[in-house]
Amino acid sequence: MTDILIVDDEKDIRELISDILRDEGYSTRLAANSDQAVAEINVAEPSLMILDIWLKDSKMDGIDILKQVKRNNPDVPVVIISGHGNIEIAVAAIKQGAYDFIEKPFNIDQLLVVIRRAVETARLRRENSTLKRGEAKAGEMLGHSASFKRLREQLDKVSKSNGRVMLTGEPGAGKELAARYIHAQGPRARAPFIPVPCATIEPEHMEEVLFGRESSERGIEQGLLEQAHGGVIYFDEVADMPLGTQTKILRVLTEQQFQRAGGTDKVRVDLRVISSTNRDLATEIGAGRFRQELFDRLNVVPVAIPSLSERREDIPHLASHFIAQFHATQGLPDRALPEESIAALQAMPWPGNIRQLRNVIERVLILSDGTGPIQPGELESQGNGNGTGEGLALGPQITSLALREARELFEREYLLAQINRFGGNISRTAQFVGMERSALHRKLKSLGVVGGVRIEEEMMGK
């Protein structure tokens, strides 16, 4: 929940603003003078400050508090309010780093719009700052499976060019990691990498966030496109971009220039564009939700990111990496991952892909009572909510069958899971299940499974 500190010497004003903001879902704290304001900031940095210029019985006025906040807490946006507003005060406040200036008596809707914009801008700046700090490690790609090696070969090829790349794949499969890898390996590695989270930016603020804005009072505020100049702009989940913005982005890609909101000058940018989506853009285009022309511009080099189920051989390496990472960054137990637990992980369905695997490992480490090896039951209970750790759950699909048919169904599903676990490698599957390779081939053929791909039969109707 967004925490807003309201500093005003008039109790009625403080409480009025607080009531309005609480009704909008924000949490608030109140201060009547500079001492109370500084004390509140020292307790916990707020997400935003609403600050009155003139404060009675206070050691510092609003401008002095603003200077101190911008010096000690530069990431906190400050909205100045005053009943004695004039252009000189507004300009002075903006020059000292205030996000905006509102004159009393203020319009409630205007105040809420300014607060929403300030909170959104601050959030994106913090996000980008965090992402930039982690860029050195962000381009690391982990895996040994055949599908992962093919992916990395593709990424290595596209990294050398300046072509636009469209990454497709399921949620959590690692599309942004792939984008960062392209950036880190390419000629623009020392330039910015700016992600645009299209799904989380409010549509009405999208263009201001992308193109920036300018005014006589506030001067120039750069948008994400301008911040990415010389580097890479990454449109994450580009299908969520509003149609109106799509048209303007298309023009940017064509002309390599744009205008800020409220501005008249053309801003030229040199960008490499990488996009991603988990949707079928052909369907989106057919439904009128995505522009064909923009798709043609973005989809110069399409790269499909494999799901975790397509690279199960990488699960042990990824899980061990996450364990070591959480141990180093959070001090969680550095627990071993024995073979039986690896087998359990590889047999699980992973609809959330690598993100889900990471979450499962983190949860297991947080909830663990010791430092011993991770047991399969812990993983199953945290993974998909189906495991009990006390045996197999028999559903109507199997309990309605005769023993022979149930045994065949179990053998088929078990062997398919093991084949998937070892990436279709029959020799490794045979070694694990304790069968000769030729015997496994015969068993698979008798069960209607060839080369790791099931031959569909009407067994469900028997």
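Within every chain, residues take consecutive numbers counted from 1 along the sequence as written. Two thresholds apply to this predicted model, a pLDDT of at least 70 for residue-level local features and 80 or more for giving and counting side-chain atom pairs, whereas whole-chain, interface and lining totals are computed over all residues. Computation of side-chain values covers all heavy atoms of the structure but excludes hydrogens and water.

Caption draft 1: Just the sheet that holds strand β14 (residues 301-304), in detail. A pair of strands is treated as paired once DSSP finds two or more bridges between them. Numbering of helices and strands runs from the N terminus; a helix is a DSSP stretch of H or I covering at least four residues, while a strand is a stretch of E covering at least two. The strand order across the open sheet formed by five strands is β7-β10-β13-β6-β14, and the pairing between neighbours is parallel. Bordering the open sheet on either side are β7 (193-197) and β14, each of which pairs with just one other strand. Adjacent strand axes in the sheet meet at a mean angle of 20°, parallel and antiparallel pairs treated alike. Sheet analysis places strand β10 (residues 232-236) next to strand β13 (residues 272-277), joined by four bridges and oriented parallel. For F235, the partnering residue across the bridge sits in β13 and is S275. For every element, the axis is a line fit to its C-alpha atoms; helices are fit only across the contacting stretch, and the angle between N-to-C directions ranges from 0 to 180 degrees.

Caption draft 2: Representation of the nonpolar core in the model. Counting residues in hydrophobic clusters, the biggest one holds 33 residues, and the most contacted among them are L225, I233, F235 and I249. Within the residue set of this core, elements represented by two or more residues are β7, α9 (206-211), α10 (224-227), β10, α11 (243-255), α12 (281-286) and α13 (292-298). Discounting residues that sit within four places of it in the chain, L225 has contacts with L210, F211, I233, F235, I249, V252, F258, V269 and L271. Grouping buried Ala, Val, Leu, Ile, Met, Phe, Trp, Tyr and Cys residues that are joined through side-chain atoms within 4.5 Å yields what is termed a nonpolar core. Working definition: with a 1.4 Å probe on protein chains only, accessible area under 20% of the residue-type maximum means buried, over 50% means exposed, and in between means partly exposed. In this structure, V7, I41, L51 and I80 belong to the second largest nonpolar core, which totals 23 residues. Contacts between residues were defined by any pair of non-hydrogen atoms, one from each residue, lying within 4.5 Å.

Caption draft 3: Spotlight on the sheet that holds strand β5 (residues 100-103). Across the sheet, which stays open at both edges, the five strands sit in the order β2-β1-β3-β4-β5 with parallel pairing between neighbours. Each having just a single partner strand, β2 (27-31) and β5 make up the two edges of the open sheet. For this sheet, the mean inter-axis angle between neighbouring strands, taken without regard to orientation, is 20°. Here strand β4 (residues 78-82) pairs with β5 via four bridges, running parallel. Bridge pairing links V79 to D100 in β5. Packing of helix α3 (residues 62-72) onto the sheet brings it into contact with β3 (48-52) and β4, and relative to β3 it is tilted by some 155°.

Caption draft 4: Representation of the confidence of the model for the protein chain in the model. Taken residue by residue, the protein chain gives an average pLDDT of 84. The fraction at 70 or more is 87%. Within the model, the stretch residues 384-391 combines pLDDT values under 50 with ten contacts to residues more than four positions away or in other chains. Confidence over residues 451-462 falls short of pLDDT 50; this stretch has 20 contacts with residues more than four positions distant or in other chains. By definition, pLDDT measures how confident the predictor is in each residue, and it falls between 0 and 100.

Caption draft 5: Expanded view of α11. How far a helix is expected to stretch is found by multiplying one less than its residue total by 1.5 Å. The end-to-end C-alpha distance of α11 is 19 Å, a good match for the 18 Å that 13 residues give at a rise of 1.5 Å each. Burial in α11 covers these residues: T245, Q246, I249, L250, V252 and L253. Seen from one end, α11 has its buried residues packed into an arc of 160°, which puts them on one side. In this structure, the buried side of α11 is in contact with α9, α10, β10, β11 (257-259), β13 and α13. A positive backbone phi angle near 60° is found at Q256, which sits one or two residues after α11. It is the directions from the helix axis to the C-beta atoms that the arc portrays.

Caption draft 6: The environment of R412, seen in detail. With respect to the helices, strands and loops of the structure, R412 is situated in helix α19 (residues 403-421). With relative accessibility at 6%, the residue R412 sits in the buried group.

Caption draft 7: Up close: the pattern of salt bridges. The rule for a salt bridge is simple: a side-chain nitrogen of Lys or Arg has to be within 4 Å of a carboxyl oxygen of Asp or Glu. One pass over the structure, following the stated rule, counts 23 salt bridges. Here R116 ties to E24 by a salt bridge, and the two come within 3.2 Å at their closest N and O atoms. Taken together, the positions of R116 in helix α5 (residues 108-133) and E24 in the loop between α1 (11-23) and β2 put the pair 92 residues apart, joining distant regions of the chain. On the basis of relative accessibility, which here comes to 40%, the residue E24 falls in the partly exposed class. Here R279 ties to E284 by a salt bridge, and the two come within 3.4 Å at their closest N and O atoms. For R279, a relative accessible area of 33% corresponds to the partly exposed category.

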